[in-house]
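Spelled out, the chains give:
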Amino acid sequence: MIEVNHLVKRYGNTLAVDDLSFTVEEGQIYGFLGPNGAGKSTTMNIMTGYIAPTSGEVSIDGHNILEEPEEARKCIGYLPEIPPLYTDMTVEEYLAFAAELKKIPKGKIRGMMDEIMNITGLLEMRSRLIRNLSKGYRQRTGLAQAILGYPKIIILDEPMVGLDPKQIIEIRDLIRELGKNHTVILSSHILSEVSAVCDQIMIISHGKLAANDTPENLEKLMEGSNTLNLTVKGDALSLQRILKQTEGILSCSVTSSEEKEALDVVIKTETGLDLREQLFYLLADLKMPILSLQQSRVSLETVFLELTGEEPSESPEKPAAEPASDSDERSEDQ
């Protein structure tokens, strides 16, 4: 669907994208992650034809973005971090204008607009001026213009920046729905949302691809082994001897617990091996009751930090658009 080959972008002496190559398969939701200044927005702008690379190629559904820009752009719907909205237009006027720019046949515009406003939850806002919309509805309006024409690929740059928790959930659900009929590339600093929504995650660091895999596989890669945390009643020496004799356990540590007459146990096992049931029966037979047992997982935040060497941030790469004032939120259409 999308092929990026040896992409390089320089701004003077600054190397923003450094020999970047990856492939985006059809019908999946991709998360595009990286710290501030990693090159995410630059890569997206090259993929959508907004800026040219210093070298390298981008192919969209078989069309080179430089050699066949019009054909390539027809395959893409793009929502920049700051949606390009005309605030003196109503939602309906803006979408009609965007449809004309996309050269959608006039006979199809009305039906397509109604369907897309229904998908994005904008039907009740169709006659309102964009300047009077909340941040969440402005994002929905920008998303609606990206969907116009039903492109095969939808690219969303920080679509959840500045939204409240309820709006984030709504946009997340909307992205999931879009993923049923489109290939979606989502750039975001909200790592929990990326993990919840995306089928595949690409992490970029210093202009290079640091990882490209499913969220589950990235977590397993960072774990290297499974970790079990137990609280057990019993004798420490006896428990250590039993665990060291158990096949599949790589290491274990036993310490005193806050629980009365109990021990806290941390067990490392071979990757992919689940010993919980075996340990339950083993310790039960030895009259060493398990008071608690938990299998720990590596979070996407930990993977991000390990691969990029930086803390995950929830701030955007560029300044976000100014939110509508309280007076704008309350004002009526003119």
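Residues numbered from 1 in each chain as written. Predicted model: local features only at pLDDT ≥ 70, side-chain atom pairs only at ≥ 80, totals over all residues. Heavy atoms only, no water.

Draft legend 1. Fine view of the layout of surface pockets. As a volume, the largest pocket reaches approximately 800 Å³. Along its surface, the largest pocket is lined by 24 residues, and Arg73, Ile76, Leu101, Lys102 and Gln145 are the ones closest to its centre. Counting only elements with at least two residues in the lining of the largest pocket, the list comes to helix H2 (69-74), strand S6 (76-79), helix H3 (91-101) and helix H5 (135-147). Per element, the largest residue contribution to the lining of the largest pocket is four residues, and it comes from H3. Of the residues in the lining of the largest pocket, the class split is 14 nonpolar, five polar and five charged. (1 Å grid on protein atoms, 1.4 Å probe; cavity = no way out; pocket = protein on both sides within 12 Å on 5 of 7 lines; lining within 4 Å. Points joined across faces, edges and corners; volume = space filled by probe spheres on them. Helix = DSSP H or I, 4+ residues; strand = E, 2+ residues; numbered from the N terminus. Nonpolar A, V, L, I, M, F, W, Y, C, P; charged D, E, K, R; others polar.)

Draft legend 2. Broad picture of the packing of aromatic side chains. Tallied over the entire structure, the rule returns five aromatic pairs. Taking 6.0 Å as the distance between ring centres and 50 degrees as the angle between the ring planes, the aromatic pair formed by Phe22 and Phe32 counts as tilted. One end of the pair, Phe22, is in strand S2 (residues 14-24); the other, Phe32, is in strand S3 (residues 29-33), with ten residues separating them in the sequence. The exposure class assigned to Phe32 is buried, which follows from its relative accessible area of 1%. Measuring from ring centre to ring centre gives 6.4 Å for Tyr86 and Tyr94, while their planes differ by 45 degrees; the resulting arrangement is tilted. Tyr86 sits in the partly exposed class, given a relative accessible area of 46%. (Phe/Tyr/Trp six-rings, centres within 6.5 Å; stacked < 30°, edge-to-face > 60°. Buried < 20%, exposed > 50% of the residue type's maximum accessible area, 1.4 Å probe, protein only.)

Draft legend 3. Broad picture of the packing of H3 against H5. Taken N-terminus to C-terminus, the directions of H3 and H5 make an angle of 25 degrees; their axes are 9 Å apart at the nearest point. Taken together, the axes of H3 and H5 lie roughly parallel to each other. The chirality of how H3 crosses H5 is right-handed. Along its contact with H3, which presents Val91, Tyr94, Leu95 and Ala98, the element H5 presents Thr141, Ala144 and Gln145. (Axes fitted to C-alpha atoms, helices over the stretch in contact; angles between N-to-C directions. Parallel < 35°, antiparallel > 145°, perpendicular 65-115°, else oblique. Left-handed = near helix turned anticlockwise from the far one by under 90°. Contact = heavy atoms within 4.5 Å.)

Draft legend 4. Structural context of the pattern of salt bridges. Tallied over the full model, the rule gives 13 salt bridges. A salt bridge links Glu170 to Lys166; the shortest N-O distance between them is 2.5 Å. Here Glu170 pairs with Lys166, and both are found in helix H6 (residues 165-178), just four residues apart, close to one helical turn. A salt bridge links Arg276 to Asp274, with the nearest nitrogen and oxygen atoms 2.7 Å apart. Linked by salt bridges that have partners in common, Glu92, Arg110, Asp114 and Arg126 make up one network. (Salt bridge = Lys/Arg side-chain N within 4 Å of Asp/Glu carboxyl O.)

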